[in-house]
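Structure assessment
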Amino acid sequence: MLYSEKELEKKLRAGCAVFYFYAADEALVHSAAQKALKFLQQDDPEVTVLDGPTPRVEEIVLAAGTISFFGGKRLVLMPMVRPSTYSDKDLQELCDTLSDTENAIFVLTSVVEESYGRLRPGKREKKLIAACEKLGYSVQINKPSRNALQALARQWAGELGTGFAPGAEGALLDRCGEDQFLLRNEIDKLAALSGYGTITAAMVQQLGTVTLDADTFDMVKLVAAGRLAAAQQKLRTLLALQNDPILITGALSSNYLTMYRVSLAKRSRRTLADAAKDFGYTGNWSFRLSEAERAAAHYKTAQLEQCLRVLRKLDIDLKSSKLGSDLLLQKALCELALTRSMPC
(Lines give C-alpha, C1' and ligand atoms only; values in the text may rest on other atoms or scores of the structure.)
Protein backbone atom coordinates (compact mmCIF):
# COMPACT_ATOMS: atom_id res chain seq x y z
CA MET A 1 0.00 0.00 0.00
CA LEU A 2 1.23 3.52 -0.82
CA TYR A 3 1.27 6.25 1.80
CA SER A 4 -1.69 8.60 2.18
CA GLU A 5 -2.17 11.03 5.08
CA LYS A 6 -5.94 10.54 4.92
CA GLU A 7 -5.53 6.75 5.07
CA LEU A 8 -3.11 7.10 7.99
CA GLU A 9 -5.61 9.23 9.92
CA LYS A 10 -8.32 6.66 9.19
CA LYS A 11 -6.17 3.80 10.51
CA LEU A 12 -5.13 5.80 13.58
CA ARG A 13 -8.76 6.49 14.48
CA ALA A 14 -9.65 2.84 13.85
CA GLY A 15 -7.36 1.81 16.72
CA CYS A 16 -4.84 -0.29 14.79
CA ALA A 17 -2.18 -1.97 16.93
CA VAL A 18 0.65 -2.01 14.34
CA PHE A 19 1.98 0.77 12.07
CA TYR A 20 4.89 -0.07 9.73
CA PHE A 21 6.45 2.60 7.49
CA TYR A 22 9.13 1.72 4.93
CA ALA A 23 10.90 3.72 2.21
CA ALA A 24 14.27 4.21 0.53
CA ASP A 25 14.89 7.41 2.52
CA GLU A 26 15.12 7.54 6.32
CA ALA A 27 13.71 11.10 6.43
CA LEU A 28 10.49 9.95 4.76
CA VAL A 29 9.74 7.17 7.26
CA HIS A 30 10.78 9.36 10.18
CA SER A 31 8.31 12.06 9.13
CA ALA A 32 5.43 9.58 8.76
CA ALA A 33 6.24 7.87 12.07
CA GLN A 34 6.34 11.22 13.89
CA LYS A 35 2.87 12.07 12.58
CA ALA A 36 1.57 8.75 13.87
CA LEU A 37 3.28 9.18 17.24
CA LYS A 38 1.89 12.69 17.66
CA PHE A 39 -1.64 11.32 17.31
CA LEU A 40 -1.01 8.23 19.44
CA GLN A 41 0.51 10.28 22.27
CA GLN A 42 -2.54 12.51 22.67
CA ASP A 43 -3.57 10.54 25.75
CA ASP A 44 0.01 10.54 27.09
CA PRO A 45 0.73 6.80 26.80
CA GLU A 46 4.05 5.49 28.04
CA VAL A 47 6.58 5.08 25.22
CA THR A 48 9.31 2.45 24.96
CA VAL A 49 11.94 2.92 22.25
CA LEU A 50 13.79 -0.18 21.04
CA ASP A 51 16.75 1.15 19.05
CA GLY A 52 18.86 -0.87 16.66
CA PRO A 53 18.30 -2.82 13.48
CA THR A 54 17.43 -6.07 15.29
CA PRO A 55 15.78 -5.63 18.70
CA ARG A 56 15.80 -8.99 20.46
CA VAL A 57 12.46 -10.77 20.60
CA GLU A 58 12.77 -10.92 24.40
CA GLU A 59 13.05 -7.11 24.54
CA ILE A 60 9.99 -6.72 22.32
CA VAL A 61 7.96 -9.15 24.42
CA LEU A 62 8.97 -7.35 27.62
CA ALA A 63 8.18 -3.89 26.21
CA ALA A 64 4.87 -4.99 24.73
CA GLY A 65 3.74 -7.18 27.58
CA THR A 66 4.18 -4.65 30.37
CA ILE A 67 0.86 -3.33 31.61
CA SER A 68 0.69 0.48 31.67
CA PHE A 69 0.37 2.01 35.13
CA PHE A 70 -2.04 4.53 33.68
CA GLY A 71 -4.44 1.88 32.41
CA GLY A 72 -3.89 2.56 28.72
CA LYS A 73 -1.83 0.77 26.11
CA ARG A 74 1.94 1.00 25.95
CA LEU A 75 3.43 2.57 22.83
CA VAL A 76 6.46 0.71 21.43
CA LEU A 77 8.63 2.51 18.87
CA MET A 78 11.03 0.39 16.79
CA PRO A 79 12.94 2.73 14.43
CA MET A 80 15.11 1.48 11.55
CA VAL A 81 14.30 -2.23 11.89
CA ARG A 82 16.16 -4.46 9.41
CA PRO A 83 14.16 -7.66 8.86
CA SER A 84 16.92 -9.11 6.65
CA THR A 85 19.24 -9.41 9.68
CA TYR A 86 16.80 -11.64 11.61
CA SER A 87 16.90 -15.39 11.26
CA ASP A 88 13.74 -16.99 9.88
CA LYS A 89 12.92 -18.27 13.37
CA ASP A 90 13.39 -14.89 15.10
CA LEU A 91 11.44 -13.06 12.40
CA GLN A 92 8.54 -15.46 12.84
CA GLU A 93 8.66 -14.87 16.60
CA LEU A 94 8.60 -11.12 15.96
CA CYS A 95 5.52 -11.46 13.76
CA ASP A 96 3.87 -13.69 16.38
CA THR A 97 4.62 -11.10 19.09
CA LEU A 98 3.04 -8.33 17.04
CA SER A 99 -0.01 -10.53 16.57
CA ASP A 100 -0.44 -11.72 20.17
CA THR A 101 0.10 -8.49 22.11
CA GLU A 102 -2.94 -6.84 23.65
CA ASN A 103 -1.31 -4.15 25.79
CA ALA A 104 0.79 -2.32 23.17
CA ILE A 105 0.71 -0.34 19.94
CA PHE A 106 3.75 -0.79 17.69
CA VAL A 107 5.27 1.82 15.34
CA LEU A 108 8.04 0.38 13.15
CA THR A 109 10.16 1.96 10.40
CA SER A 110 12.61 0.50 7.88
CA VAL A 111 14.78 1.66 4.99
CA VAL A 112 14.41 -0.64 1.97
CA GLU A 113 16.88 -0.91 -0.90
CA GLU A 114 15.95 1.01 -4.03
CA SER A 115 16.93 0.07 -7.58
CA TYR A 116 16.11 2.12 -10.69
CA GLY A 117 13.62 4.20 -8.75
CA ARG A 118 11.68 1.26 -7.27
CA LEU A 119 11.83 -0.35 -3.83
CA ARG A 120 13.15 -3.91 -3.84
CA PRO A 121 12.20 -5.54 -0.51
CA GLY A 122 13.80 -8.89 0.19
CA LYS A 123 12.16 -12.12 1.33
CA ARG A 124 12.17 -11.31 5.05
CA GLU A 125 11.15 -7.70 4.46
CA LYS A 126 8.17 -8.92 2.44
CA LYS A 127 7.20 -11.23 5.28
CA LEU A 128 7.19 -8.42 7.85
CA ILE A 129 5.31 -6.13 5.45
CA ALA A 130 2.63 -8.79 4.94
CA ALA A 131 2.33 -9.47 8.67
CA CYS A 132 1.96 -5.79 9.56
CA GLU A 133 -0.51 -5.27 6.71
CA LYS A 134 -2.65 -8.07 8.15
CA LEU A 135 -2.41 -6.72 11.71
CA GLY A 136 -2.76 -3.00 11.06
CA TYR A 137 -1.20 -0.50 8.68
CA SER A 138 1.81 -1.35 6.51
CA VAL A 139 2.71 1.35 4.01
CA GLN A 140 5.36 2.20 1.43
CA ILE A 141 6.36 5.87 1.28
CA ASN A 142 7.61 7.13 -2.07
CA LYS A 143 9.62 10.27 -2.64
CA PRO A 144 7.35 13.09 -3.76
CA SER A 145 7.86 14.43 -7.28
CA ARG A 146 9.20 17.93 -7.87
CA ASN A 147 5.68 19.15 -8.69
CA ALA A 148 4.35 17.57 -5.49
CA LEU A 149 7.10 19.25 -3.43
CA GLN A 150 6.31 22.62 -4.98
CA ALA A 151 2.64 22.13 -4.15
CA LEU A 152 3.61 21.16 -0.59
CA ALA A 153 5.77 24.30 -0.31
CA ARG A 154 2.84 26.46 -1.42
CA GLN A 155 0.59 24.70 1.11
CA TRP A 156 3.02 25.30 3.98
CA ALA A 157 3.45 28.94 2.94
CA GLY A 158 -0.32 29.35 2.85
CA GLU A 159 -0.60 27.99 6.39
CA LEU A 160 1.71 30.83 7.48
CA GLY A 161 -0.37 33.44 5.66
CA THR A 162 2.20 34.02 2.94
CA GLY A 163 2.80 32.89 -0.63
CA PHE A 164 5.41 32.54 -3.37
CA ALA A 165 6.04 34.83 -6.30
CA PRO A 166 6.01 32.93 -9.63
CA GLY A 167 9.00 30.58 -9.78
CA ALA A 168 10.18 31.27 -6.23
CA GLU A 169 9.17 27.85 -4.87
CA GLY A 170 11.12 26.22 -7.70
CA ALA A 171 14.17 28.33 -6.85
CA LEU A 172 13.85 27.22 -3.23
CA LEU A 173 13.83 23.55 -4.23
CA ASP A 174 16.88 24.10 -6.44
CA ARG A 175 18.77 25.50 -3.45
CA CYS A 176 17.76 23.24 -0.56
CA GLY A 177 16.98 19.97 -2.37
CA GLU A 178 14.25 17.47 -1.51
CA ASP A 179 14.70 17.32 2.28
CA GLN A 180 11.21 18.16 3.60
CA PHE A 181 12.51 19.11 7.08
CA LEU A 182 14.88 21.66 5.57
CA LEU A 183 12.21 22.86 3.13
CA ARG A 184 9.71 23.52 5.93
CA ASN A 185 12.31 25.36 8.02
CA GLU A 186 13.34 27.50 5.06
CA ILE A 187 9.72 28.48 4.38
CA ASP A 188 9.28 29.52 8.03
CA LYS A 189 12.40 31.69 7.78
CA LEU A 190 11.53 33.21 4.40
CA ALA A 191 7.94 33.93 5.48
CA ALA A 192 9.29 36.00 8.36
CA LEU A 193 11.71 37.81 6.03
CA SER A 194 8.84 38.69 3.68
CA GLY A 195 6.80 40.13 6.55
CA TYR A 196 4.33 37.31 5.87
CA GLY A 197 3.65 38.72 2.43
CA THR A 198 5.15 37.30 -0.76
CA ILE A 199 8.35 35.24 -0.88
CA THR A 200 10.35 36.21 -3.97
CA ALA A 201 13.18 34.47 -5.81
CA ALA A 202 15.49 37.29 -4.66
CA MET A 203 14.66 36.48 -1.02
CA VAL A 204 15.43 32.82 -1.65
CA GLN A 205 18.79 33.82 -3.16
CA GLN A 206 19.50 36.20 -0.26
CA LEU A 207 18.64 34.02 2.71
CA GLY A 208 17.91 30.49 1.58
CA THR A 209 20.12 27.77 3.03
CA VAL A 210 21.55 25.49 0.37
CA THR A 211 22.82 21.97 0.37
CA LEU A 212 26.59 21.73 0.04
CA ASP A 213 26.10 19.88 -3.25
CA ALA A 214 23.99 22.74 -4.65
CA ASP A 215 26.42 25.42 -3.50
CA THR A 216 29.46 23.65 -4.93
CA PHE A 217 27.59 23.19 -8.22
CA ASP A 218 27.11 26.97 -8.27
CA MET A 219 30.91 27.18 -8.04
CA VAL A 220 31.27 24.68 -10.89
CA LYS A 221 28.93 26.72 -13.12
CA LEU A 222 30.81 29.92 -12.32
CA VAL A 223 34.15 28.30 -13.21
CA ALA A 224 32.64 26.85 -16.40
CA ALA A 225 31.39 30.32 -17.36
CA GLY A 226 34.84 31.82 -16.81
CA ARG A 227 33.80 33.73 -13.66
CA LEU A 228 36.64 32.63 -11.41
CA ALA A 229 36.46 35.62 -9.04
CA ALA A 230 32.79 34.89 -8.28
CA ALA A 231 33.62 31.21 -7.75
CA GLN A 232 36.39 32.14 -5.31
CA GLN A 233 33.96 34.38 -3.40
CA LYS A 234 31.48 31.50 -3.17
CA LEU A 235 34.29 29.31 -1.81
CA ARG A 236 35.21 31.92 0.83
CA THR A 237 31.57 32.02 1.92
CA LEU A 238 31.46 28.23 2.30
CA LEU A 239 34.64 28.24 4.36
CA ALA A 240 33.39 31.13 6.52
CA LEU A 241 30.31 29.02 7.27
CA GLN A 242 32.73 26.33 8.56
CA ASN A 243 32.03 23.73 5.89
CA ASP A 244 34.63 20.96 5.99
CA PRO A 245 37.17 21.43 3.12
CA ILE A 246 37.22 17.67 2.47
CA LEU A 247 33.41 17.64 2.19
CA ILE A 248 33.58 20.62 -0.19
CA THR A 249 36.09 18.70 -2.29
CA GLY A 250 33.88 15.61 -2.25
CA ALA A 251 30.88 17.63 -3.42
CA LEU A 252 32.95 19.28 -6.17
CA SER A 253 34.19 15.87 -7.30
CA SER A 254 30.64 14.50 -7.35
CA ASN A 255 29.48 17.37 -9.57
CA TYR A 256 32.40 17.09 -11.99
CA LEU A 257 31.93 13.31 -12.11
CA THR A 258 28.27 13.81 -13.06
CA MET A 259 29.33 16.22 -15.83
CA TYR A 260 31.88 13.66 -17.07
CA ARG A 261 29.28 10.89 -17.13
CA VAL A 262 26.81 13.08 -19.01
CA SER A 263 29.56 13.96 -21.48
CA LEU A 264 30.31 10.27 -22.06
CA ALA A 265 26.61 9.53 -22.56
CA LYS A 266 26.35 12.30 -25.15
CA ARG A 267 29.41 10.98 -27.01
CA SER A 268 27.81 7.54 -27.05
CA ARG A 269 24.50 9.02 -28.28
CA ARG A 270 22.68 7.91 -25.17
CA THR A 271 19.92 9.93 -23.52
CA LEU A 272 19.95 11.43 -20.04
CA ALA A 273 17.46 8.74 -19.01
CA ASP A 274 19.99 6.12 -20.15
CA ALA A 275 22.71 7.85 -18.13
CA ALA A 276 20.47 7.94 -15.04
CA LYS A 277 19.83 4.21 -15.35
CA ASP A 278 23.45 3.30 -16.16
CA PHE A 279 24.92 5.25 -13.23
CA GLY A 280 22.14 4.75 -10.67
CA TYR A 281 20.78 8.30 -10.37
CA THR A 282 17.41 8.37 -8.62
CA GLY A 283 15.00 11.01 -7.35
CA ASN A 284 14.93 14.22 -9.37
CA TRP A 285 17.66 13.00 -11.74
CA SER A 286 16.24 14.86 -14.76
CA PHE A 287 16.93 18.30 -13.30
CA ARG A 288 20.35 17.34 -11.96
CA LEU A 289 21.57 15.75 -15.21
CA SER A 290 20.12 18.52 -17.37
CA GLU A 291 22.01 21.12 -15.33
CA ALA A 292 25.18 19.01 -15.52
CA GLU A 293 24.76 18.71 -19.29
CA ARG A 294 24.59 22.49 -19.65
CA ALA A 295 27.72 22.97 -17.53
CA ALA A 296 29.58 20.17 -19.34
CA ALA A 297 28.95 21.88 -22.69
CA HIS A 298 31.83 24.25 -21.81
CA TYR A 299 34.31 21.35 -21.75
CA LYS A 300 35.76 18.61 -23.89
CA THR A 301 35.70 15.14 -22.33
CA ALA A 302 39.49 15.19 -21.92
CA GLN A 303 39.23 18.49 -20.05
CA LEU A 304 36.70 16.99 -17.62
CA GLU A 305 39.09 14.09 -17.06
CA GLN A 306 41.78 16.64 -16.13
CA CYS A 307 39.34 18.34 -13.72
CA LEU A 308 38.84 15.01 -11.95
CA ARG A 309 42.64 14.60 -11.68
CA VAL A 310 42.90 18.08 -10.15
CA LEU A 311 40.24 17.22 -7.56
CA ARG A 312 41.85 13.85 -6.76
CA LYS A 313 45.17 15.64 -6.08
CA LEU A 314 43.32 18.22 -3.97
CA ASP A 315 41.83 15.48 -1.82
CA ILE A 316 45.26 13.93 -1.28
CA ASP A 317 46.85 17.30 -0.50
CA LEU A 318 44.15 18.23 2.01
CA LYS A 319 44.93 15.05 3.94
CA SER A 320 48.71 15.31 3.79
CA SER A 321 49.98 18.83 2.96
CA LYS A 322 50.99 21.38 5.57
CA LEU A 323 49.53 24.21 3.49
CA GLY A 324 46.24 25.72 4.63
CA SER A 325 43.11 24.09 3.27
CA ASP A 326 41.76 27.45 2.05
CA LEU A 327 44.90 28.01 -0.08
CA LEU A 328 44.72 24.49 -1.50
CA LEU A 329 41.06 24.94 -2.46
CA GLN A 330 41.70 28.33 -4.07
CA LYS A 331 44.63 26.87 -6.02
CA ALA A 332 42.47 23.96 -7.22
CA LEU A 333 39.73 26.35 -8.42
CA CYS A 334 42.34 28.22 -10.49
CA GLU A 335 43.53 24.92 -11.98
CA LEU A 336 39.94 23.93 -12.78
CA ALA A 337 39.46 27.25 -14.55
CA LEU A 338 42.64 26.72 -16.59
CA THR A 339 41.43 23.34 -17.90
CA ARG A 340 38.87 25.16 -20.09
CA SER A 341 41.76 26.43 -22.24
CA MET A 342 43.71 23.16 -22.15
CA PRO A 343 44.44 21.82 -25.67
CA CYS A 344 42.83 18.45 -26.44
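Helix packing for two helices is described by the angle between their axes and how far apart those axes are. Contact geometry for helix α6 (residues 146–159) and helix α7 (residues 168–176): axes closest at 10 Å, N-to-C directions at 115°. With respect to α7, the element α6 is oriented roughly perpendicular. Handedness of the α6/α7 crossing: right-handed. Listed contacts from α7 to Arg 146, Leu 149, Gln 150, Ala 153 and Arg 154 of α6 are Glu 169, Gly 170, Leu 173 and Asp 174.

Turning next to the packing of aromatic side chains. Taken as a whole and assessed by the stated rule, the structure comprises 4 aromatic pairs. Consider the rings of Phe 19 and Tyr 137, whose centres lie 6.3 Å apart with planes at 70°: the pair is edge-to-face. Placement of the pair is Phe 19 in strand β1 (residues 18–23) and Tyr 137 in strand β7 (residues 137–140), with a sequence separation of 118 residues. For Phe 19, a relative accessible area of 0% puts it in the buried group. Assessed through its relative accessible area of 0%, Tyr 137 is described here as buried. Here the aromatic rings of Phe 21 and Tyr 137 are separated by 6.2 Å at their centres, their planes lie at 80°, and the arrangement is edge-to-face. Of the two residues, Phe 21 sits in strand β1 while Tyr 137 sits in strand β7, which places them 116 residues apart along the sequence. Residue class for Phe 21 comes out buried when judged on its relative accessible area of 0%.

Further remarks concern the sheet that holds strand β2 (residues 47–49). Here 5 strands make up an open sheet; going across it, the order is β2-β3-β4-β1-β7 and the pairing parallel. Edge positions in the sheet fall to β2 and β7, since each of these pairs with one other strand and no more. Across the sheet, the mean angle separating the axes of adjacent strands is 15° when strand polarity is ignored. With 4 bridges connecting them, β1 and β7 associate as parallel partners. For Phe 19, the partnering residue across the bridge sits in β7 and is Tyr 137. Strands β1, β4 (104–111) and β7 of the sheet are contacted by helix α5 (residues 123–135), whose axis makes an angle of about 140° with β1.

Okay, helix α4 (residues 88–100) next. Taking 1.5 Å per residue, 13 residues should reach 18 Å; α4 reaches 18 Å between its end C-alpha atoms and fits that length. Where α4 is concerned, the buried positions are Leu 91, Leu 94, Cys 95, Thr 97 and Leu 98. Relative to the axis of α4, the buried residues are bounded by an arc of 155° and lie together on one face. Counted as exposed and oriented over 90 degrees from the buried face of α4: Lys 89 and Asp 100.

A full pass over the atoms with the stated rule returns 1 cavity of 30 Å³ or more. Counted as a void, the largest cavity has a volume near 50 Å³. Val 310, Lys 313, Leu 314, Asp 317, Leu 328, Lys 331, Ala 332 and Glu 335 are the residues that line the largest cavity. Taken together, the elements giving at least two residues each to the lining of the largest cavity come down to α15 (301–320) and α16 (325–338). Split by residue class, the lining of the largest cavity holds 4 nonpolar, no polar and 4 charged.

A separate point is the environment of Ala 153. You can see Ala 153 is positioned in helix α6. In the structure, Ala 153 is positioned 20 residues away from Leu 173 in sequence and 9.0 Å away in space, judged by C-alpha atoms. Apart from residues lying up to four places away in sequence, Ala 153 is in contact with Phe 164, Glu 169, Leu 183 and Ile 187.

Rules and cut-offs
Residues numbered from 1 in each chain as written. Predicted model: local features only at pLDDT ≥ 70, side-chain atom pairs only at ≥ 80, totals over all residues. Heavy atoms only, no water. Axes fitted to C-alpha atoms, helices over the stretch in contact; angles between N-to-C directions. Helix = DSSP H or I, 4+ residues; strand = E, 2+ residues; numbered from the N terminus. Parallel < 35°, antiparallel > 145°, perpendicular 65-115°, else oblique. Left-handed = near helix turned anticlockwise from the far one by under 90°. Contact = heavy atoms within 4.5 Å. Phe/Tyr/Trp six-rings, centres within 6.5 Å; stacked < 30°, edge-to-face > 60°. Buried < 20%, exposed > 50% of the residue type's maximum accessible area, 1.4 Å probe, protein only. Pairing = 2+ DSSP bridges. Expected span 1.5 Å × (residues − 1). Arc of directions from axis to C-beta. 1 Å grid on protein atoms, 1.4 Å probe; cavity = no way out; pocket = protein on both sides within 12 Å on 5 of 7 lines; lining within 4 Å. Points joined across faces, edges and corners; volume = space filled by probe spheres on them. Nonpolar A, V, L, I, M, F, W, Y, C, P; charged D, E, K, R; others polar.

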